[in-house]
Amino acid sequence: MNATASLSVTTGPIHVGDDVCDSDLAQFLDTTSGATPFHSAAWGRAIEQACGHRWHMLGARDAAGRLVGVLPLHHIRSRLFGTALVSSGFAVDGGILVSDQSAIMPLAVAAIELADDLGVANIELRGGECPTGWALDSESHLGFVRALAADSEAELLATPKRHRAEVRKALANPLDVAIGRGAADRDAHFATYATSVRNLGTPVFPKQLFAAVLDQFGDAADILTVRHGGKAVASVLSLYWQGAVMPYWGGGSREARALRANERMYFSLMEHGRQRGMARFDFGRSKAGSGPAAYKRNWGFDAEPLCYARWSRTGVVRDMNPTSGKYQLMVRAWKRLPLPIANRIGPFIARQLG
């Protein structure tokens, strides 16, 4: 598709029964620094399966045919929010990943050529290498990762004193923790997460998205749920990737705050991750200056800026920022929706966000 002296760039969905390409990708991700679950075939398939956004994988190979770079892209088609190629759909990372820096620009050019072929005016890269000449943003989003402590007591001591007191209160409360992947776990997670995001004024993702991620990742994903008196009050779906536990979709009910259920949830997840042999806790991304970013700092996590890159043929990019003024009226209205109505129409909207 495009070439330099030592690299040829090819594009195409590598998941259509192509075991050789799947194996190449898995080996590349296992051996390349910076790889995330959002670069994986499991993530690409889950998004395509649950939301219908076609998954394309660009691969850069050296003269010997070895994979030296990848760029996964989901073709997001939305009447509400516009069309774009996004790396990766519904992810916080998944941009250009290379083992050879000379592969960055061929992959970026290949992405533009794919956008031309599909009639797409915008490309959004979340994390990864930032191509020269693209619009870059390294100020709006922050990542939070730190090492897990040796045991639960050490984890408490690693938590700043003020928040440590909140965690101790959570541990003293009559809360039960369950971990699983079955139907009951999935139902509890969806009910809790849907309530949480409605209260924040945003539509919930389709239930089949959570199911597809769990099914595609297998034992590398599970759900931890906190209950009070038998009722789920907090729940999180997590991924386990190359030594890191990654709480990804989590939320709590209105009762969770008084019960410190979220503190119990994340502290229990740290313990569970340690038992699974994980060495790091990846708290994900948050917008700079936001409440979630402050909450993660309260746990003792340092913020690292994330680089996002955009290309636009027209110069007009999609506005997907929920804090944008154009969405504030919708956010306020959504908070007042009865939960059954929000859960009925929310997935139709959320699957278009990408």
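Rules used in this analysis
- Residues numbered from 1 in each chain as written.
- Predicted model: local features only at pLDDT ≥ 70, side-chain atom pairs only at ≥ 80, totals over all residues.
- Heavy atoms only, no water.
- Salt bridge = Lys/Arg side-chain N within 4 Å of Asp/Glu carboxyl O.
- Helix = DSSP H or I, 4+ residues; strand = E, 2+ residues; numbered from the N terminus.
- Buried < 20%, exposed > 50% of the residue type's maximum accessible area, 1.4 Å probe, protein only.
- Contact = heavy atoms within 4.5 Å.
- Pairing = 2+ DSSP bridges.
- Disulfide = S-S within 2.5 Å.
- pLDDT = per-residue confidence, 0-100.
- Axes fitted to C-alpha atoms, helices over the stretch in contact; angles between N-to-C directions.
- Parallel < 35°, antiparallel > 145°, perpendicular 65-115°, else oblique.
- Left-handed = near helix turned anticlockwise from the far one by under 90°.
- Nonpolar A, V, L, I, M, F, W, Y, C, P; charged D, E, K, R; others polar.

Trainee: Can you walk me through the pattern of salt bridges in this structure?
Mentor: Side chains bearing opposite charge may pair, as long as their charged atoms lie close to each other. Under the counting rule described, the total for this entry stands at 15 salt bridges. Note that Arg313 is salt-bridged to Asp116, the shortest N-O span being 2.4 Å. Of this pair, Arg313 sits in the loop between strand 16 (308-312) and helix 11 (325-335) while Asp116 sits in helix 3 (residues 104-118), and the two are 197 residues apart along the sequence. What makes Arg313 partly exposed here is its relative accessible area of 41%. When the shortest N-O distance is used, the salt bridge between Arg168 and Glu153 registers 3.6 Å. Pair noted here: Arg168 is in helix 5 (residues 161-172) and Glu153 is in helix 4 (residues 152-158), with a separation of 15 residues, a long-range link. Using a relative accessible area of 39% as the deciding quantity, one classes Arg168 as partly exposed. For Glu153, a relative accessible area of 43% gives the class partly exposed. Shared partners join several salt bridges into a network, and the residues in it are Glu124, Arg126 and Arg310.

Trainee: Please clarify how the environment of Val145 should be interpreted in this entry.
Mentor: Tracing the backbone shows Val145 in strand 9 (residues 141-147). Setting aside its immediate chain neighbours within four residues, Val145 contacts Arg280, Phe281, Asp282, Phe301 and Asp302.

Trainee: Just to check I follow, could you spell out the pairing of strand 11 (residues 221-228) for this structure?
Mentor: Sheet faces and side chains relate simply in a regular strand, where the side chains alternate between the two faces. A large share of strand 11 lies buried, amounting to 6 of its 8 residues. The pairing of strand 11 with strand 12 (residues 231-241) spans 8 bridges and is antiparallel. Pairing of Leu224 across the sheet is with Val236, part of strand 12. The antiparallel hairpin formed by strand 11 and strand 12 contains 2 residues in its connecting segment, where Gly229 sits at a positive phi of about 60°.

Trainee: Before we go on, may I ask you to explain the state of the cysteines in this structure?
Mentor: Two cysteines whose sulfur atoms are joined by a covalent bond form what is called a disulfide. Taken as a whole, this structure holds 1 disulfide when the rule is applied. Bridging Cys130 to Cys307, the disulfide has an S-S length of 2.0 Å. Highlighted residues: Cys130 in the loop between strand 7 (122-126) and strand 8 (135-137) and Cys307 in the loop between strand 15 (303-305) and strand 16, separated in sequence by 177 residues.

Trainee: Quick question: what am I supposed to make of the confidence of the model for the protein chain here?
Mentor: Atom-level detail of predicted coordinates should not be read off regions where pLDDT is low. Residues with a pLDDT of 70 or more make up 85% of the protein chain, whose mean pLDDT is 87. Across residues 1-6 the pLDDT falls below 50, and counting only partners more than four positions away or on other chains, this stretch makes 14 contacts in the model. Under a pLDDT of 50 for its full length, residues 11-17 has, in the predicted model, 18 contacts with residues more than four places off or in other chains.

Trainee: Please clarify how the packing of helix 6 (residues 183-200) against helix 7 (residues 207-217) should be interpreted in this entry.
Mentor: Helix-helix packing is characterised by the crossing angle of the two axes and by the distance between the axes. The interhelical angle for the contact between helix 6 and helix 7, taken along N-to-C directions, is 135°, at an axis separation of 10 Å. In terms of axis orientation, helix 6 runs oblique to helix 7. Helix-helix and strand crossings are classified by hand; for helix 6 and helix 7 the assignment is right-handed. Residues Arg186, Asp187, His189, Phe190 and Tyr193 of helix 6 pack against Lys207, Phe210, Ala211, Leu214 and Asp215 of helix 7. Partitioning the contact of helix 6 with helix 7 into residue classes produces 5 nonpolar, 1 polar and 4 charged.

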